[in-house]
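Geometric and topological summary
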Amino acid sequence: MSGLFITGTDTEVGKTFVTSALAWAFRRRGIDVGVMKPVVTGCRRGKGLLLSEDANQLLRASGADDPLDLVSPYRFEPPVAPAVAGKISFDRIEETYRILARRHEIVLVEGIGGLLVPLDAKRTVADLARRLGLPVLIVARACLGTINHTLLTLETARSAGLEILGVVLNRRNQRPSLAERTNPQVIRKLGKVPVLGVIPDLRRPSPGKGAGYLKTAAILRQVRSRQIQAGRRVKRLSLLDRRRIWHPFTQMADWKKVEPLIIESAQGVWLTDVKGRRYLDGVSSLWVNLHGHRHPDLDAALRRQAGKVAHSTLLGAANVPSIELADALVRITPQGLTRVFYSDSGSTAVEIALKMAFQYRRQNGSPGCWRFVHFVNAYHGDTIGSVSVGGIDLFHRIYAPLLFKGFKVPAPYPYRGVSSEDSLRELRKTLDSHREEIAAVVVEPGCQGAAGIITQPPGWLKKVERVCRESGVFLIADEVAVGFGRTGTMFACQKEGVRPDFLCVAKGLSGGYLPLAATLTTEKVYRGFLGSTGSLRTFFHGHSYTGNPLACAVALENLRIFRRERVLERLKPKIRLFTEELGPFKQLLHVGEVRQRGLIAGIELVRDKVRRTPYPWEEKIGIRVCQSLRERGILLRPLGNVIVLMPPLAISPDELRFLCRETFAALRSVTERPLDRI
Ligand SMILES: *Cc1c(COP(=O)(O)O)cnc(C)c1O
């Protein structure tokens, strides 16, 4: 099963003619060739049907006898851009292509117009070519000006991640000018692609005549070898991954035993692996993606900045995107936060807040106040400082000798018997008895993410803030996971009007594109570091990539999308739908609790629902559920016995329903096997 996608540098360059010629040439070589022109506009109406002259021409040349609905599933009457003509489903086009690919040895797919012709609000012909996983052949007109058009098309194809087979020049003057004669050479050299045919302007064009000018053998060889290479490539990547890569939070002895899932591309909420299988990205690529993969505006922002400068340092210099982003962040974060310090991960964002709070105390009259209060089950990252304020023993026990000591207090976990009041009582007690030692309280607002989406009862966070104020200690809010709309408001702190002294953001900051983090703080803290050089009040901290312009440019665009697409407003009905869809889970035999905050949900599985007995973690129940989901086309990653659903904010209602229903089915099939009932 193999295919080729034929596109052009423009409309009217003769794509249909070249495709027909190629189909004809393949057929002459005894190849069973199928043809497809998935979208056609400007169709004629006849016998109650929409007819396509192009589709007929392709069918005649190929000798295929597929019904018109397979060759051109989308036919529209008005001669306008497809995005205007009507609604197009990539799923349907892909299904249709697969049917044809099963019927024929090679399928030639002709795109409509050029690569940037919009097929809907977000996707272009280039996206369709990638979705079908086909290499492209570019048809260009062999006249003056073709170099510019061809190079532009090549650049578009490459930045869309497409594989380019080559260029065919069509309709060259019978007596070519010097420019026309040298064009193929220039395209080969500057475009770095083979020219696979130069067809003259034929007086009576026919596919047979056109075929004579094409390098059919070369094209055929490439199309076929690509298929063989694709198989070899998957094997090689899979082998190399297991031989070379050490995966995070992964028992590599287990990893080695299974075929790795290798992601190749993505679009919207869907990831595609090297074998062309698609998966709904149910955890937003580990909680980072917001507006979907390959959002055109984020892609464009990244390319725009790459066209200027990829990186320059913030040590001793400033750069444009980091300035713009800092201002934008201050405008959307809780009041009082006016200063932005950049880094590159959630862990470093927390680390920086800790160091700032520590140093502030040291040099502003309370040098003894340098310890931190943190919560049981907290997760703030994996660097030594952030692990020191973490509370997940399973991950962090072994590092105990390396960590600095603080005060650990329980966080609310009503399902496991810890109420808001219990937690606050302990917090007050700790702050009362150790006031002279404490710099700050570190908290994950809204829910403890990595612990299993343990949601906090409303009002708890506000009370934590109050206790901090009364005791004169800083509040560090780690919104690395919940920031940027996940909980329904831009930041979880804003739900209860909480104004932390430090705010740590990362994951969603760049919309899931690049590693970027920021620690925001107040004027008061900032001023505590001012002084002469000799005073050594400088904050001696910084990373090589601090304020990286590429990441900041994308992050800035990420924030603009929130406004432009009214993301938070449009999220409300999705959150309601999510709540509805999660309702039935509570009745399942092994679901202990379903916890939801906005578009985040955790489903805690228990061996015994009445006694709330957890599954022993060696049983890997969460992993088994997620394995079953993978077969259903959904990618999730569990947290122990908690199944986490955290799709991109851009997920559509239908996709959200699909995610919930498949998860429901997978949970039943894994936890309610007949054996369990005996
Ligand atoms: C993920 C996470 C971190 C760590 O972020 P990294 O980018 O993985 O270092 C810190 N805090 C919270 C709440 C997180 O969810």
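Residues numbered from 1 in each chain as written. Predicted model: local features only at pLDDT ≥ 70, side-chain atom pairs only at ≥ 80, totals over all residues. Heavy atoms only, no water.

**As for the overall build of the protein**
From N to C terminus, the protein includes 25 helices and 27 strands. Projected onto its principal axes, the C-alpha coordinates of the protein cover approximately 95 × 75 × 50 Å. Within the span of the protein, comprising 678 residues, buried residues form 53% of the whole. Considering only intrachain contacts with a sequence separation of at least 6, the fraction spanning at least 24 residues in the protein is 73%. Here the protein holds 101 positive side-chain charges and 64 negative ones, and the gap between their average locations is 5 Å. (Helix = DSSP H or I, 4+ residues; strand = E, 2+ residues; numbered from the N terminus. Buried < 20%, exposed > 50% of the residue type's maximum accessible area, 1.4 Å probe, protein only. Contact = heavy atoms within 4.5 Å. Lys, Arg positive; Asp, Glu negative; His and termini not counted. Charge placed at Lys NZ, Arg CZ, Asp CG, Glu CD.)

**Some remarks on the domain arrangement of the protein**
Often the size quoted for an interface is simply the accessible area lost on bringing the parts together. Assigned domains of the protein: these are domain 1 (3-227), domain 2 (308-564) and domain 3 (569-677). Look at where the C-alpha atoms of domain 1 and domain 3 centre, and you get two points 44 Å apart. (Domains from an automatic or database assignment.)

**A word on the side chain of Thr96**
Structurally, the position occupied by Thr96 is in helix α5 (residues 90-103). On the basis of relative accessibility, which here comes to 7%, the residue Thr96 falls in the buried class. Among residues more than four places away in sequence, those in contact with Thr96 are Met36, Asp69, Leu70 and Pro73.

**As for the environment of Gly528**
Within the secondary structure, Gly528 is located in the loop between α20 (523-527) and α21 (549-564). With 166 residues separating them along the chain, Gly528 and Arg362 place their C-alpha atoms 9.9 Å apart. Beyond its immediate chain neighbours, meaning those up to four positions away, Gly528 contacts Tyr360, Gln363, Asn364 and Arg537.

**Things to note about the layout of surface pockets**
Looking at the second largest pocket, its volume works out to about 1200 Å³. Forming the boundary of the second largest pocket are 40 residues, of which Arg123, Gly268, Trp270, Ser652 and Glu655 lie nearest the centre. Every element with two or more residues in the lining of the second largest pocket is listed here: α5, α22 (567-582) and α24 (653-671). Residues belonging to the lining of the second largest pocket are distributed by class as follows: 14 nonpolar, 9 polar and 17 charged. Looking at which domains feed residues into the lining of the second largest pocket, each of domain 1 (3-227) and domain 3 (569-677) gives three or more. (1 Å grid on protein atoms, 1.4 Å probe; cavity = no way out; pocket = protein on both sides within 12 Å on 5 of 7 lines; lining within 4 Å. Points joined across faces, edges and corners; volume = space filled by probe spheres on them. Nonpolar A, V, L, I, M, F, W, Y, C, P; charged D, E, K, R; others polar.)

**What about the sheet that holds strand β14 (residues 337-343)?**
Taken in spatial order, the 7 strands line up as β14-β22-β21-β20-β17-β15-β16 in an open sheet, and their pairing is mixed. Where the open sheet ends on each side, the last strands, each with one partner, are β14 and β16 (407-409). Across the sheet, the mean angle separating the axes of adjacent strands is 20° when strand polarity is ignored. Strand direction decides the pairing type here: strand β15 (residues 371-375) and β16, joined by 3 bridges, are parallel. If you follow His374 over to β16, its bridge partner there is Lys408. The sheet strands contacting helix α18 (residues 420-433) are β15, β16 and β17 (438-443), and the helix crosses β15 at an angle near 170°. (Pairing = 2+ DSSP bridges. Axes fitted to C-alpha atoms, helices over the stretch in contact; angles between N-to-C directions.)

**Some thoughts on the pairing of strand β20 (residues 474-478)**
Of all 5 residues making up β20, 5 are buried, and the element is well covered by its neighbours. The sheet contact formed by β17 and β20 spans 4 bridges and is parallel. Bridge pairing in β20 links Val442 to Ile476. Where β20 lies against strand β21 (residues 502-505), 3 bridges are found, and the strand directions are parallel. Looking across to β21, one finds that Asp478 is bridged to Cys504.

**Regarding empty space enclosed by the protein**
Applying the stated criterion across every chain yields a total of 1 cavity of 30 Å³ or more. Taken as a whole, the largest cavity encloses approximately 30 Å³ of empty space. The wall of the largest cavity is formed by Phe5, Pro38, Val39, Glu110, Gly111, Ile112, Leu119, Val125 and Leu128. The residue makeup of the lining of the largest cavity, split by class, is 7 nonpolar, 1 polar and 1 charged.

**Description of the environment of Met252**
Tracing the chain through its elements places Met252 in helix α11 (residues 252-255). For Met252, a relative accessible area of 16% puts it in the buried group. Taking the C-alpha atoms as reference points, Met252 and Arg242, separated by 10 residues in sequence, lie 8.5 Å from one another. Beyond its immediate chain neighbours, meaning those up to four positions away, Met252 contacts Ile245, Trp246 and His247.

**Points about the site of the ligand**
Lining the immediate surroundings of the ligand are Trp287, Ser345, Gly346, Ser347, Tyr379, His380, Gly381, Glu444, Asp478, Val480, Ala481 and Lys507. Ser345 is positioned with one of its side-chain polar atoms (N or O) 3.5 Å from an oxygen atom of the ligand. Within the side chain of Asp478, a nitrogen or oxygen atom sits 2.6 Å from a nitrogen atom of the ligand. Isolated, the ligand exposes 380 Å² of accessible area, and the fraction of that covered by the protein chains is 83%. (Near = heavy atom within 4 Å. Polar contact = N/O pair within 3.5 Å; in protein donor to acceptor, adjacent residues only side chain to side chain. Areas by Shrake-Rupley, 256 points an atom, 1.4 Å probe, with all protein chains shown as cover.)

**Let's talk about the nonpolar core**
Counting 92 residues, the largest nonpolar core has Val441, Phe484 and Ile603 as its most contacted members. With 8 residues, the single largest contributor to this core is α21. In terms of domain composition, this core takes at least three residues from each of domain 2 (308-564) and domain 3 (569-677). Within the second largest apolar cluster, 37 residues are counted, among which are Leu70, Leu134, Val167 and Ile187. (Core = buried A, V, L, I, M, F, W, Y, C linked by side-chain atoms within 4.5 Å.)

**Details of helix α8 (residues 178-191)**
Across its 14 residues, α8 extends 19 Å between first and last C-alpha, which sits within 8% of the 20 Å expected from 1.5 Å per residue. Its maximal kink placed at Pro184, α8 deviates by approximately 35°. By the burial criterion, the buried members of α8 are Glu180, Asn183, Pro184, Ile187 and Gly191. The first or second residue beyond α8 is Lys192, which carries a positive phi of 55°. (Expected span 1.5 Å × (residues − 1). Bend = angle between axes of the 7 residues up to and from the residue.)

**Some details on a nonpolar patch on the surface**
Residues Ile384, Ile398, Tyr399 and Leu402 make up a contiguous nonpolar surface patch of about 420 Å² in total accessible area. Along the polypeptide, Ile384 turns up in helix α16 (residues 384-388). (Patch = residues over 30% accessible without salt bridge, like charges linked within 9 Å, V, L, I, M, F, W, Y side chains within 5 Å. Salt bridge = Lys/Arg side-chain N within 4 Å of Asp/Glu carboxyl O.)

**Thoughts on unusual backbone geometry**
A positive phi is found at Arg294, a non-glycine position, where the angle reads about 55°. Counting through the fold element by element, Arg294 comes out in the loop between α12 (284-287) and α13 (296-306).

**Details of the sheet that holds strand β7 (residues 106-110)**
Two orientations exist for strands paired in a sheet by backbone hydrogen bonds: parallel and antiparallel. Taking strand neighbours across the sheet as the criterion, the 6 strands line up as β2-β7-β1-β8-β9-β10 in an open arrangement whose pairing is parallel. Strands with a single pairing partner mark the edges of an open sheet, and in this sheet they are β2 (33-36) and β10 (195-200). The average undirected angle you get between the axes of adjacent strands in this sheet is 20°. Pairing between strand β8 (residues 136-141) and strand β9 (residues 164-172): 6 bridges, direction parallel. Pairing of Leu137 across the sheet is with Gly166, part of β9. Contacts between α5 and the sheet are confined to β1 (2-8), β2 and β7, with β2 contributing the most and set at about 160° to the helix. Contacts between helix α10 (residues 216-244) and the sheet are confined to β1, β7, β9 and β10, with β1 contributing the most and set at about 125° to the helix.

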